[in-house]
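Residue-level structural notes
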Amino acid sequence: METNLFIAYIGIAIMLALTGIGSAYGVTIVGNAAIGAAKKVDGKFGNFLVLTALPGTQGLYGFAGYFMFQNIFNVLTPEITFFQSMATLAAGLALGFIGLLSAIRQGQVCANGVVSIGQGHDAFGNTLILAVFPELYAIVALAAAFLIGSAIAV
Amino acid sequence: MVAKMKKFTFLAYYRDYDAFLHDLRDLGLIHVAASDRQVEDNEQLDEFLVKLKQLREAQKILNRQIDKKSAAPLNEPDIERGKTIPREIELIQNTTASLNQQLQVSIKERELLRPWGNFDPENIERLRKAGYLLDFFIVPDNQYNPEWETTYDAVVVKRETSRTYFVTLTQNEKVADELNLESVKIPGISLTQLDGLIASLREKIQVQDQKLKALAAELPSLKAAIGDIEQRMNYTRVHQSGTSLADDKLMLLQGWAPADNQREISDYLELKAVYFDVADPTPDDEVPIKFKNNKFARLFEPIAELYMLPKYNEIDLTPYFAPFYMVFFGLSLGDVGYGLFLFTAATLAKILQKSKLSTSMKAILSLVQVLGASTMVTGLLTGGFFGFALYDLDWPIVQALKEKAFFDNNRMFMLSLVLGVVQVLFGMCMKVFNRIKQQGFKYSLSTVGWIVLLVSFIVAALLPNALPMFGTVHLIVLIPAALLIYFYNSPDKNPFLNLGIGLWDTYNMATGLLGDVLSYVRLFALGLSGGILASVFNSLAAGMSPDNAIAKPIVYVLIFLIGHAINIFMNTLGAIVHPVRLTFVEFYKNSEFEGGGKKYSPFRK
């Protein structure tokens, strides 16, 4: 039914949009800090690049989520049932919001690390470790979306 | 394991103090205990710090000069030579700066002179002496008045970018005022000379650059000088750790060394005729920590050091978390192919860079090998190989393996929780041993009660036939456990207080245990999402490559390589960090690990 497919695609849109926006914000927060810090220290651009890239993964998870529903579970077809479409919407909401907020927060952790490196502290490893913690919840959300998807897969 | 330490107390006559310290440094086994009254803001140390900063700065500058392609041979290290380098660099930099300034000025003058062409300023001077003044003017084209050519003998030299450059030849000194223009001040040098000057300046700057480049060959000397300063700072610190006694006639110094080296140290010190005394550490002593582990557990020491070193009387948990960490890493990465990649990369690095690797780097590579191998084994549970499902292969051997090893998502989820329960319970057992070691057997009893209680519930839930839940046998086990928990958790206090503490412990245990065990779900989530992303990249590579015999494989390989490179980096990072967290938060907390020991770092050259 068309309405069902419509609902499912709204879920996909939320999933893609919110995770993408989150990552865009996250990498921008770190990127801004990195430009400021790059003026103070040379030779740390590699570190900054890695830290800037970290909040970029949430957008990737959103895309991976869409891809799963499209290609692995094959639910995005006109034959989709109401139950399947609602499950897709739920997965989209969960992954979308977690991705959005965790990416922004992760960006802040990384940005603080970048500032600290800019002031001459060797904080790269510590920042890397601490920045992976907010990431976990996006990973859990992706795993949850996967489990939701496998439950409704055709 | 924490290595056993001995406390050494030395007494030296103040005149022999320096000689004694040099002997001690040559021995290189004694960790000198810092004295309490050590002043940090010490003049001598400050001086060293300033020098060290200069040398490091110089090192940075010279490192930038090194041309990677044509590496010039480095000179032999010479400390005295190294110390002069910051001054030399400063001189070169000052010269270069002033040369650059001159160059800028000359370039500006040339810009000024260029429209007028090449002439000898001497000729103008000669004209002036003869009473004729040559003035230089620039006006916009539309303001130029051809009448000037008759009134002032104006000659147009050049018309460029709608401006007219002209000179006037008069005997009148007030031409500029009459024309209401400002005459251009011409530098007293010809264009050819100026070009020559600029070229020579550039050459001089080049020479200075070459000098700086040549100085890069002295990097080993610089390094030696830095090492020398660091050593002197170290020496000064140790020197100040001594306490003077008996009207400054005697110096007292305390230090630590591993008990295994006691014999060696005693022999050496007796040879040097030093008065010393050896004692066992008392509980109040701040004993430096040295790990003493077997070959396998030693690999995990860098991970243990990330948190805190154990206190001297505490059990070192490194050998006990090492196997868990290995398995957890494997589960979090969860892909046979990625494991193979890490294992091969570490092995290759070990073989190819054999001579260059430092011992600590070698240990890390060995750790990567172990973790990679563990990933290959645990990866068999889910059967991922660079995102492809290994168990989709129709080979009989693979299918036989699938039968034995394959875990679906539900079982993987359960497995991570079960591992959590096992590690948390194991942590509690470590807590029992830790308390026995530190405080005595009776203080560990309430923890024993908790372990018995928890294990009995688990057994009753899993095997209701063997041990019915709350059956007679179960109650016989439960009641003493409960008594220990509620009335013997702090043996020195009165029973009512014990009951209160017991209830508080129960609350903490109920909320804490649930959170602790659920935290292990991350193992499942990390492994699953890594696998999903890997398979997404594979599908992307297959789906996005165009239908073209040449472009198809190129695009496919590109997407495959980039995708998996990102995925391996992110997942390996996660697989390192999350098991670290499980170790430090869940395991250490349940083991009642306190930590805070200082690392054993002997005084040596």
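Model, not experiment: these values are computed from the prediction.

Turning to the overall build of chain B, a few remarks are in order. On a plain count of helices and strands, chain B comes out with 21 helices and 10 strands. In terms of C-alpha radius of gyration, chain B reaches 40 Å, well past the compact-globule figure of 25 Å for 605 residues. Sorting the 605 residues of chain B into buried and exposed places 27% on the buried side. Put simply, 78% of the contacts in chain B that link residues at least 6 apart link residues at least 24 apart.

Turning to the overall build of chain A, a few remarks are in order. Broken down by element type, chain A carries 5 helices and 0 strands. Reported as C-alpha extents along the three principal axes, the dimensions of chain A are approximately 60 × 20 × 20 Å. Relative to its 154 residues, chain A shows a buried fraction of 49%. For chain A, long-range pairs separated by at least 24 residues make up 87% of all intrachain contacts whose partners lie at least 6 apart in sequence.

Within the largest apolar cluster, 106 residues are counted, with the highest numbers of intra-cluster contacts made by Val30(A), Leu95(A), Val114(A) and Leu142(A). Top contributing element to this core by residue count: helix H4 (residues 82–118) of chain A, with 13 residues. Once residues within four sequence positions are removed from consideration, Leu95(A) is found in contact with Met15(A), Thr19(A), Tyr61(A), Gly62(A), Gly65(A), Ala141(A), Leu142(A) and Ala145(A). In this structure, Ile30(B), Val287(B), Phe291(B) and Phe603(B) belong to the second largest nonpolar core, which totals 23 residues.

This next bit is on the interface of chain A and chain B. Across the boundary between the two partners, chain A contributes 16 residues, which contact 15 residues of chain B. Of all the secondary structure elements, the ones that give two or more residues to the side of chain A that touches chain B are helix H3 (57–72) and helix H5 (124–152) of chain A. The residue makeup of the side of chain A that touches chain B, split by class, is 13 nonpolar, 2 polar and 1 charged.

Once that is clear, we can look at the sheet that holds strand E5 (residues 163–170) of chain B. Residue and element names in this part refer to chain B. If you trace the 3 strands from one edge of the open sheet to the other, you get E3-E5-E4, paired in antiparallel fashion. Looking at which strands have only one partner, the edges of the open sheet turn out to be strand E3 (133–140) and strand E4 (155–160). Neighbouring strand axes in the sheet, compared pairwise and without regard to direction, differ in orientation by 20 degrees on average.

Take the UniProt feature "transmembrane region" (unreviewed entry) in chain A next. Those residues carrying the UniProt feature "transmembrane region" (unreviewed entry) are residues 6–27, 48–69, 81–104 and 124–153 of chain A in this numbering. Helix makes up 100% of residues 6–27 of chain A and strand 0%. Its end C-alpha atoms lie 31 Å apart.

A few words on the pairing of strand E1 (residues 5–13) of chain B. Alignment of E1(B) against strand E7 (residues 250–258) of chain B, held across 9 bridges, turns out to be antiparallel. Paired with Lys7(B) across the two strands is Trp256(B), which belongs to E7(B).

Attention shifts here to unusual backbone geometry. The backbone phi angle of Ser162(B) is positive, close to 45 degrees, even though this residue is not glycine. With respect to the helices and strands, the residue Ser162(B) is situated in the loop between E4 and E5.

Once that is clear, we can look at the confidence of the model for chain A. Summarising the model, chain A shows a mean pLDDT of 90, and 100% of its residues fall at 70 or more. Ranking the helices and strands of chain A by mean pLDDT puts H4(A) first, with 94, and helix H2 (residues 45–53) of chain A last, with 84.

Attention now moves to the UniProt feature "domain: V-ATPase proteolipid subunit C-like" (unreviewed entry) in chain A. Residues and elements named next belong to chain A. The residues that UniProt annotates with the feature "domain: V-ATPase proteolipid subunit C-like" (unreviewed entry) are residues 10–68 and 89–148. End C-alpha to end C-alpha, residues 10–68 measures 16 Å, and it is 85% helix and 0% strand. Secondary structure over residues 89–148 splits into 92% helix and 0% strand, and the C-alpha atoms at its two ends are 10 Å apart.

Below, the discussion takes up the packing of helix H18 (residues 472–487) of chain B against helix H19 (residues 495–519) of chain B. All names here are of chain B. Closest axis-to-axis distance for the H18/H19 pair is 6 Å, and the angle between their directions is 105 degrees. Between H18 and H19, the interaxial angle falls into the category roughly perpendicular. Residue-level inspection shows Ile485, Tyr486 and Phe487 of H18 in contact with H19, the latter providing Pro495, Asn498, Leu499, Gly502 and Asp505. Grouping the constituent residues of the contact of H18 with H19 by class yields 5 nonpolar, 2 polar and 1 charged.

We now examine the environment of Phe324(B). Within the secondary structure, Phe324(B) is located in helix H12 (residues 318–333). Separated by 96 residues in sequence, Phe324(B) and Gly420(B) have C-alpha atoms that sit 9.8 Å apart.

For the rest of this paragraph, the subject is the domain arrangement of chain B. The domain boundaries assigned to chain B delineate domain 1 (119–189) and domain 2 (295–428 + 513–590). Look at where the C-alpha atoms of domain 1 of chain B and domain 2 of chain B centre, and you get two points 83 Å apart.

Residue and element names in this part refer to chain B. The sheet contact formed by E3 and E5 spans 8 bridges and is antiparallel. Bridging across to E5, Pro140 finds its partner in Arg163. By the bridge criterion, 5 bridges tie E4 to E5 in an arrangement that is antiparallel. Paired with Lys158 across the two strands is Tyr165, which belongs to E5. If you look at the hairpin formed by E4 and E5, you'll find 2 residues sitting between the two strands, and Thr161 has a positive phi there, around 40 degrees.

Attention shifts here to the confidence of the model for chain B. Reading predicted coordinates in detail is not appropriate for stretches of low pLDDT. Summarising the model, chain B shows a mean pLDDT of 84, and 98% of its residues fall at 70 or more. Model confidence for the complex is summarised by a pTM of 0.75, with the ipTM given as 0.73.

Rules used in this analysis
- Residues numbered from 1 in each chain as written.
- Chains lettered and ligands numbered in written order.
- Predicted model: local features only at pLDDT ≥ 70, side-chain atom pairs only at ≥ 80, totals over all residues.
- Helix = DSSP H or I, 4+ residues; strand = E, 2+ residues; numbered from the N terminus.
- Rg over C-alpha atoms; globule rule 2.2 N^0.38 Å.
- Buried ≥ 20, exposed ≤ 12 C-beta atoms within 10 Å, placed from the backbone.
- Contact = placed C-beta atoms within 7 Å.
- Core = buried A, V, L, I, M, F, W, Y, C linked by C-beta atoms within 7 Å.
- Nonpolar A, V, L, I, M, F, W, Y, C, P; charged D, E, K, R; others polar.
- Pairing = 2+ DSSP bridges.
- Axes fitted to C-alpha atoms, helices over the stretch in contact; angles between N-to-C directions.
- UniProt positions renumbered as here; feature names shortened; annotations may be inferred.
- pLDDT = per-residue confidence, 0-100.
- Parallel < 35°, antiparallel > 145°, perpendicular 65-115°, else oblique.
- Domains from an automatic or database assignment.

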